[in-house]
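Here's the letter readout for the chains.
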Amino acid sequence: MTGTETNSAGQQPKQKDTRNTGPGRLLIAVYAVFALSATARAGYQIATKFAEAPLAHILSAFAAVVYIVATISLAKPGRTWFKVSLAAVLTELVGVLVVGAISLFDPVAFPHDTVWSLFGRGYGFVPLLLPILGLLWLNKRRPS
Amino acid sequence: MDGYFYALLIVGLVSTIMCLVAGLMKKAPNDPTIYSVLAIEVVLLVYLVGSIVRVALGEQIAGEPWEFWGYLITALIIPLGAVYWAILERTRWSNFVLAAVGVTVFVMGARMNQIWY
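First, a word on scope: everything that follows refers to the structure included in this document. (Residues numbered from 1 in each chain as written. Chains lettered and ligands numbered in written order. Predicted model: local features only at pLDDT ≥ 70, side-chain atom pairs only at ≥ 80, totals over all residues.)

**As for the environment of leucine 57 of chain B**
All names here are of chain B.
Piece 1. Turning to its location among the elements, leucine 57 is positioned in the loop between α2 (31–56) and α3 (65–88).
Piece 2. Taking the number of C-beta atoms within 10 Å as the measure of exposure, leucine 57 has 7 and is therefore exposed.
Piece 3. Spatially, the C-alpha atom of leucine 57 lies 46 Å from that of threonine 91, the residues being 34 residues apart in sequence. (Helix = DSSP H or I, 4+ residues; strand = E, 2+ residues; numbered from the N terminus. Buried ≥ 20, exposed ≤ 12 C-beta atoms within 10 Å, placed from the backbone.)

The following block contains the structure:
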């Protein structure tokens, strides 16, 4: 569908409007893992203990949706998907910074951890690193 | 921590290191790196069968059973998905995708051990 796959090892053709090639493949793979784990975590929290901390659990679900959108949009070619990617990655960056800061200064507001709590410490700070790498990659593969 | 944990630790780390080195050497995924990831899948399949047998023999999972099975089934999907994603485009970057499998599955294995005991 994307036409970017080359079967011979080595160089892939420079296509402007895709982000699913080269380092982008690693980025998408990591996003996919986070989409999966955030969805599972949110689903588990909402199913078992939603009433204990509704805000934190809604936030968990929101984070999961952001990761899913980022994964899919990064894998798709075209200008529209680029904009969707940019919006998702920016949302993710703001989310991890705001939630990280709030969870640091007001732990009572977030009795239950989300992916973004403490800047993603529970996940080796990858949630903090991921949007930064995402923005760098989007900038590099910006549609002309 | 049981034998499955240590098996995932060793096989996962060896696979990750192999794939990382291959990626750093600017190599595309080849038989050794792909088989190293498939070895993780084999360990997970043994884990699956072993866990089914243990539960069938009456052993109790200390934590939430469906959380344990959720982790295990997800872990089973990851190596296959990564190999598929890596061989669609065989560049050095795909080896870094494969390298992520070992670490991810090892962390999930640690969590699965916590849930079980």
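Here the narrative resumes, following the displayed structure.
**Some words on the interface of chain A and chain B**
Piece 1. Counting residues at the interface gives 14 residues for chain A and 16 residues for chain B.
Piece 2. Of the residues assigned to the side of chain A that touches chain B, the class counts are 9 nonpolar, 3 polar and 2 charged. (Contact = placed C-beta atoms within 7 Å. Nonpolar A, V, L, I, M, F, W, Y, C, P; charged D, E, K, R; others polar.)

**With respect to the nonpolar core**
One recurring pattern in soluble globular proteins is that nonpolar side chains are buried together.
Piece 1. Residues Tyr31 and Tyr67 of chain A together with Ala82 and Val105 of chain B are the most contacted members of the largest nonpolar core, which totals 59 residues.
Piece 2. Mapped onto this core, the elements with two or more residues apiece are α1 (23–49), α2 (54–75), α3 (79–105) and α4 (126–140) of chain A together with α1 (3–24), α2, α3 and α4 (92–116) of chain B.
Piece 3. Examining the composition of this core, we find that 12 residues originate from one element, α1 of chain A, more than from any other.
Piece 4. With sequence-adjacent residues up to four places away left out, valine 105 of chain B is seen in contact with Leu8, Gly12, Ile40, Leu44, Ala75, Ile78 and Pro79 of chain B. (Core = buried A, V, L, I, M, F, W, Y, C linked by C-beta atoms within 7 Å.)

Functional significance is not addressed by these values, which are geometric in nature.
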